[in-house]
Amino acid sequence: MDLGIAGRWALVCAASKGLGRGCAQALVGEGVNVVITARGEEALQTTAAELRALNPVATVRAVVGDITTEHGRASALAACPQVDILINNAGGPPPGDFRDWDRDNWVKALEANMLTPIELIKATVDGMAQRGFGRIVNITSAAVKAPIDVLGLSNGARSGLTGFVAGVARQKRLASRNVTINALLPGPFDTDRLRITLAGAARAAGKAVDEVAAARREANPAGRFGTAEEFGAVCAFLCSTHAGYLNGQNLLLDGGAYPGTF
Ligand code: NAD
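Residues numbered from 1 in each chain as written. Predicted model: local features only at pLDDT ≥ 70, side-chain atom pairs only at ≥ 80, totals over all residues. Heavy atoms only, no water.

> When you look at the pattern of salt bridges in this model, what are you seeing that I'm missing?
Side chains bearing opposite charge may pair, as long as their charged atoms lie close to each other. A full pass over the atoms with the stated rule returns eight salt bridges. The partner of Arg-131 in a salt bridge is Asp-84, and the shortest N-O contact between them spans 3.6 Å. Remark: Asp-84 occurs in the loop between helix H3 (70–78) and strand S4 (85–88) and Arg-131 occurs in helix H4 (residues 103–131); sequence separation between them is 47 residues. Across the salt bridge formed by Asp-190 and Arg-195, the nearest N and O atoms sit 3.2 Å from each other. (Salt bridge = Lys/Arg side-chain N within 4 Å of Asp/Glu carboxyl O. Helix = DSSP H or I, 4+ residues; strand = E, 2+ residues; numbered from the N terminus.)

Spelled out as structure tokens, the structure:
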């Protein structure tokens, strides 16, 4: 299927590795020009080179910076001639017990997983509406549907973003101008983030990481973790011309782990 987005410009935040990278890869495969960001220069440049090799037709720009800062966002936006597609992503907050978190911990989580995507939506969405095309995908978490106790910072910050987006996605001045805003809610995907979480769980339980990982895979109806490639493919479809009527949704990608009927 031709997704109809070749030649568009996408800003893919936090994309040197993991799910962000999966999204950038799928978009580049469709001929989309991308600006990718991450804090570490080496991994980001390696990813940029690999993406360029994947599809020489697409332009790939790499911007080093922390997307949760004003400077990081400004540099990312400045590198993108126009933002037709915005993939909001950043590292997730650490696990823990809410009794141990102070105000600073909360502010950091809110900056990364709620306020940064809101700032980037604000900076791009009216231009998208003017041009009559825009796709925004927020990478949140399955924890928005089914909270994970130790990830309270994530549960809270991402739910705040989800509530905000539920309203703004339905603004007539955006939706009637072919601008959509949706969220992808990852369950367990095989990335660095998951490996770190598994290592923490293994330490806490006094078990081997392999044992904990095998149990987590087995507990999922699919019997496995998701891959960044399959995450990216769904993201690219959400960004396609075919998905113009799919708006304001929170789509779980979790192998069927969420046990609800609706
Ligand atoms: P990852 O650790 O594999 O990759 C994160 C990427 O983001 C890296 O490229 C890193 O350099 C970049 N990054 C992190 N913080 C950044 C910042 N402040 N500015 C710029 N770049 C930054 O993580 P992932 O598994 O791809 O997760 C992506 C998001 O999805 C995270 O918020 C995570 O909490 C969430 N999530 C992941 C899973 C999973 O199973 N992998 C499940 C639920 C939610």
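> It is not clear to me how H3 should be interpreted in this structure. Could you clarify?
An α-helix turns once every 3.6 residues. As a result, residues three or four positions apart point the same way. For H3, the set of buried residues is Gly-72, Arg-73 and Ala-76. All buried residues of H3 project into a common sector of 95 degrees when viewed along the axis, lining one side. When the buried face of H3 is taken as reference, the exposed residues oriented beyond 90 degrees from it are Glu-70, His-71 and Ala-78. Tucked inside the fold, the buried residues of H3 contact strand S1 (9–12), strand S2 (33–38), strand S3 (60–64) and H4. (Buried < 20%, exposed > 50% of the residue type's maximum accessible area, 1.4 Å probe, protein only. Arc of directions from axis to C-beta. Contact = heavy atoms within 4.5 Å.)

> Teacher, can you tell me more about the site of the ligand here?
Around the ligand, a shell composed of 26 residues is seen, among which Ser-16, Leu-19, Ala-90, Arg-158 and Thr-191 lie nearest. Lys-17 places a main-chain nitrogen or oxygen 2.9 Å from an oxygen atom of the ligand. One nitrogen or oxygen atom from the side chain of Thr-191 is found 2.4 Å from an oxygen atom belonging to the ligand. When the ligand is considered free in solution it has 830 Å² of accessible area, and contact with the protein chains removes 90% of it. Looking at the shell around the ligand, the elements with two or more residues in it are helix H1 (18–29) and helix H7 (192–205). (Near = heavy atom within 4 Å. Polar contact = N/O pair within 3.5 Å; in protein donor to acceptor, adjacent residues only side chain to side chain. Areas by Shrake-Rupley, 256 points an atom, 1.4 Å probe, with all protein chains shown as cover.)

> In this structure, what is going on with unusual backbone geometry? I would like to understand it.
Trans is the prevailing form of peptide bonds, just as negative phi is the prevailing case for residues other than glycine. You will see that Ala-14, though not glycine, has its phi angle at about 55 degrees, which is positive. As for its placement among the helices and strands, Ala-14 is situated in the loop between S1 and H1. One non-glycine residue, Asn-178, adopts positive backbone phi at about 65 degrees. Here Asn-178 falls in the partly exposed class, since its relative accessible area comes to 27%.

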